[in-house]
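# Structural characterization, general
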Amino acid sequence: MSRPGQGVMMQVNGLGFPPQNVARVVVWEWLNEHNRWRPYTATVCHHIENVLKEDARGSVVLGQVDAQLVPYIIDLQSMHQFRQDTGTMRPVRRNFYDPSSAPGKGIVWEWESDGGAWTAYDMDICITIQNAYEKQHPWLDLSSLGFCYLIYFNSMSQMNRQTRRRRRLRRRLDLAYPLTVGSIPKSQSWPVGASSGQPCSCQQCLLVNSTSPSAPSGAPTPGQNNLNRPGPQRATSVSARASIPPGVPALPVKNLNGTGPVHPALAGMTGILLCAAGLPVCLTRAPKPILHPPPVSKSDVKPVPGVPGVCRKTKKKHLKKSKNPEDVVRRYMQKVKNPPDEDCTICMERLVTASGYEGVLRHKGVRPELVGRLGRCGHMYHLLCLVAMYSNGNKDGSLQCPTCKAIYGEKTGTQPPGKMEFHLIPHSLPGFADTQTIRIVYDIPTGIQGPEHPNPGKKFTARGFPRHCYLPNNEKGRKVLRLLITAWERRLIFTIGTSNTTGESDTVVWNEIHHKTEFGSNLTGHGYPDASYLDNVLAELTAQGVSEATAKA
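Residues numbered from 1 in each chain as written. Predicted model: local features only at pLDDT ≥ 70, side-chain atom pairs only at ≥ 80, totals over all residues. Heavy atoms only, no water.

## Examining the environment of Gln-162
Defined as follows: Secondary structure elements follow DSSP: runs of H or I of four or more residues count as helices, runs of E of two or more count as strands, with numbering from the N terminus.
With respect to the helices and strands, Gln-162 occurs in the loop between β11 (157–160) and β12 (166–173). Sequence separation of Gln-162 and Tyr-149 is 13 residues, and the distance between their C-alpha atoms is 8.5 Å.

Here it is in structure tokens:
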């Protein structure tokens, strides 16, 4: 089942902006305790956008438009949501989606909790559900998004694959999310002084960096609220307090992530109080990720021990004679004469009745009531349902069980032609102090999409290449490298789709096998140290049918 393009988030000194002259729907989101981005409502997003237009470095009082959000304030400069009664701070982001997607149409998909309350899905899930709904698919598998749920549109329900429990879901129309066009002018970059390397001249930074304490003149009236004061008024207040008289102590407010001497809640509360008193808020900027190692000479670059060669190339997919879907399905299944009275998890009809694809799909020799059992895992389905599933996939001669994800045959992908290089460099990754590093370099040029791609005959782009990735040069790191080479040769590392970073469609994107692209840090989650990464990526490779056993076969 095809997936729509997901959200796009681009960073320009903390805030996201769409590409030049491209219309995008804006959705503001906050990061919950489960590390998932949750969308604010369309009404709240319109309010945030209105404040952003007035003062891109100000604060947004969410309670002004939603009574349930009275304790919350968003600081646009630090891109954090602050809860005033508990001191809790959470990151926020400004995300962009296609105007034709669910948020652009004001469509919200929700599921019903045990207490009867309706909860909106994450925005990428909402868009995926709406896309399948518009294409009139009878069901949708959310496992590709990391959730073990099936969505059934006929019954408007969600089923947990593991527990088989069902919940109601609903689709409702709401206010469409705000639309924006264009990109940020260079003159409006922030934080102030960030690009020039000069210290910020806002009042808080003057307090922090001052070595000759002084008292401000022209103090604001006590209790005056300046949370949403327009930019020119803020500038005036800063210039009026450029000198600091004696007697004002320095205020050591550091990072919001807890690395400074002040607790995040206290730092956030301090910022709110200063802002309410008419003082701009400017907390310390987060460090930048270290993406690349120090320069390495050619003489220091060595082959990886135990891995032959230093390069693998993939060419265009050789067109094979079309494999009959019925023949592929029958190869891996055994007929079941007396099927049990349980659901076929593809069409959700009972196995003792005809397939839900009866009348929709016709294949000679495949009667809609025929049932088969997959050889290794033993899961049973209507043969016609499996034929439909295979016909909607890559049609490479392999079959994947929709219940347990067991792969039958050799799964291949739709990665475009390119080159993969790998070698040793004499530098160590964080957490592997006495170990050299394996550097992988992927390079894929732009080209024309083939018949296996979303838009055959149309040009695709390849942004950000060559891409550099890193592994420790130990036994498990070399094992991962060997399996990544196999995955590359099977065209599973990349695919063509919509970029999560830029929102661009018809471009080369990663394909569910995570790589570490930060060399000397782990600020984005794509670096080291990460004690579980090697095991996790081995599990992801196994899920794609790539293991030591299959690689040797």
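## A look at helix α3 (residues 123–134)
Worth spelling out the cut-off: Each helix should span, by expectation, one fewer than its residue count multiplied by 1.5 Å. Throughout, exposure labels follow a simple rule: accessible area from a 1.4 Å probe, protein chains only, divided by the maximum for the residue type, with under 20% read as buried, over 50% as exposed, and the rest as partly exposed.
Taking 1.5 Å per residue, 12 residues should reach 16 Å; α3 reaches 16 Å between its end C-alpha atoms and fits that length. Counting buried residues in α3 gives 10 out of 12 residues, a clear majority hidden from the surface. Within the sequence span of α3, burial applies to Met-123, Asp-124, Ile-125, Cys-126, Ile-127, Thr-128, Ile-129, Gln-130, Asn-131 and Ala-132. Looking one or two residues past α3, Gln-136 carries a phi angle of roughly 60°, positive in sign.

## A closer look at the packing of helix α9 (residues 475–489) against helix α10 (residues 533–543)
Filter applied, for reference: For every element, the axis is a line fit to its C-alpha atoms; helices are fit only across the contacting stretch, and the angle between N-to-C directions ranges from 0 to 180 degrees. Convention used here: angles under 35 degrees read as roughly parallel, angles over 145 as roughly antiparallel, angles from 65 to 115 as roughly perpendicular, and any remaining angle as oblique. Should the near helix be turned anticlockwise from the far one by less than a right angle, the crossing is termed left-handed; should it be turned clockwise, right-handed. Any pair of residues with heavy atoms lying within 4.5 Å of one another is described as a contacting pair. Just so you know the grouping, Ala, Val, Leu, Ile, Met, Phe, Trp, Tyr, Cys and Pro go in nonpolar, Asp, Glu, Lys and Arg go in charged, and all remaining residues, Gly too, go in polar.
Where α9 contacts α10, the two axes come as close as 10 Å, and the packing angle between them is 25°. The orientation of α9 with respect to α10, classified from their angle, is roughly parallel. The chirality of how α9 crosses α10 is left-handed. Note on element contacts: α10 touches α9 through Leu-534, Asp-535, Val-537, Leu-538 and Leu-541, opposite Lys-476, Gly-477, Lys-479, Val-480, Leu-483, Leu-484 and Ala-487. Looking at side-chain class alone, the contact of α9 with α10 contains 8 nonpolar, 1 polar and 3 charged residues.

## With respect to the sheet that holds β12
Sheet strands pair by backbone hydrogen bonding; their relative direction is either parallel or antiparallel. Defined as follows: Here the rule is simple: two strands pair whenever DSSP picks up at least two bridges between them.
The strand order across the open sheet formed by 6 strands is β8-β7-β12-β11-β10-β9, and the pairing between neighbours is antiparallel. The strands lining the two open edges of the sheet, one partner per strand, are β8 (118–120) and β9 (139–141). In this sheet, adjacent strand axes meet at a mean angle of 30° when their direction is disregarded. Pairing analysis gives 3 bridges linking β9 to strand β10 (residues 149–152), with the strands arranged antiparallel. Paired with Leu-140 across the bridge in β10 is Ile-151. Sheet strands in contact with α3 are β7 (107–112), β9, β10 and β12, and its direction is about 105° off that of β7.

## A look at unusual backbone geometry
The step from Phe-465 to Pro-466 runs through a cis peptide bond, and the omega angle for that step is 0°. With respect to the element layout, Pro-466 can be found in the loop between β23 (459–460) and β24 (467–472). Positive phi, normally seen in glycine, also occurs at Gln-136, with a value near 60°. The residue Gln-136 is located in the loop between α3 and β9 in this model. The residue Glu-512 is not glycine, and still its phi comes out positive at about 70°.

## Quick look at α10
Our working rule: It is the directions from the helix axis to the C-beta atoms whose arc is reported.
Of the residues making up α10, those classed as buried are Tyr-533, Leu-534, Val-537, Leu-538, Glu-540 and Leu-541. All buried residues of α10 lie within an arc of 160° about the axis, which places them on one face of the element. In this structure, the buried side of α10 is in contact with β24 and α9. Following α10 by one or two positions, Gly-545 has its phi on the positive side, about 85°.

## Regarding the nonpolar core
How we decide: Residues belong to one nonpolar core when they are buried, are Ala, Val, Leu, Ile, Met, Phe, Trp, Tyr or Cys, and are joined through side-chain atoms within 4.5 Å.
Within the largest apolar cluster, 39 residues are counted, with the highest numbers of intra-cluster contacts made by Trp-28, Tyr-40, Ile-48 and Leu-62. Among the nonpolar cores identified, the runner-up in size contains 38 residues, and Val-307, Ile-425, Phe-494 and Leu-538 belong to it.

## Describing the confidence of the model for the chain
We apply this condition: Confidence of the predictor in every single residue is expressed as pLDDT, which spans 0 to 100.
Mean pLDDT over the chain works out to 78, with 73% of the residues at or above the 70 mark. A low-confidence stretch, residues 1–14 stays under pLDDT 50, and its non-local contacts, those more than four residues away or across chains, total 54 contacts. Contacts from residues 184–261, a stretch scored under 50 in pLDDT, to residues over four places away or in other chains number 133 contacts.

## Some remarks on the pattern of salt bridges
Pairing between side chains of opposite charge can happen when the charged atoms of each approach one another. Stated precisely, the cut-off is as follows: One side-chain nitrogen of Lys or Arg within 4 Å of one carboxyl oxygen of Asp or Glu is enough to make a salt bridge.
Following the criterion strictly, the structure yields 28 salt bridges and no others. Note that Lys-105 and Glu-134 form a salt bridge whose closest N and O atoms lie 2.7 Å from each other. Here Lys-105 is found in helix α2 (residues 102–105), whereas its partner Glu-134 is found in helix α3, with 29 residues between them in sequence. Put simply, Asp-506 and Lys-458 hold a salt bridge, and the shortest N to O gap is 2.9 Å. Taken together, the residues span a long stretch of sequence, with Asp-506 in the loop between β25 (494–497) and β26 (507–510) and Lys-458 in the loop between β22 (447–448) and β23 at a distance of 48 residues. Note on Lys-458: relative accessible area 42%, which makes it partly exposed.

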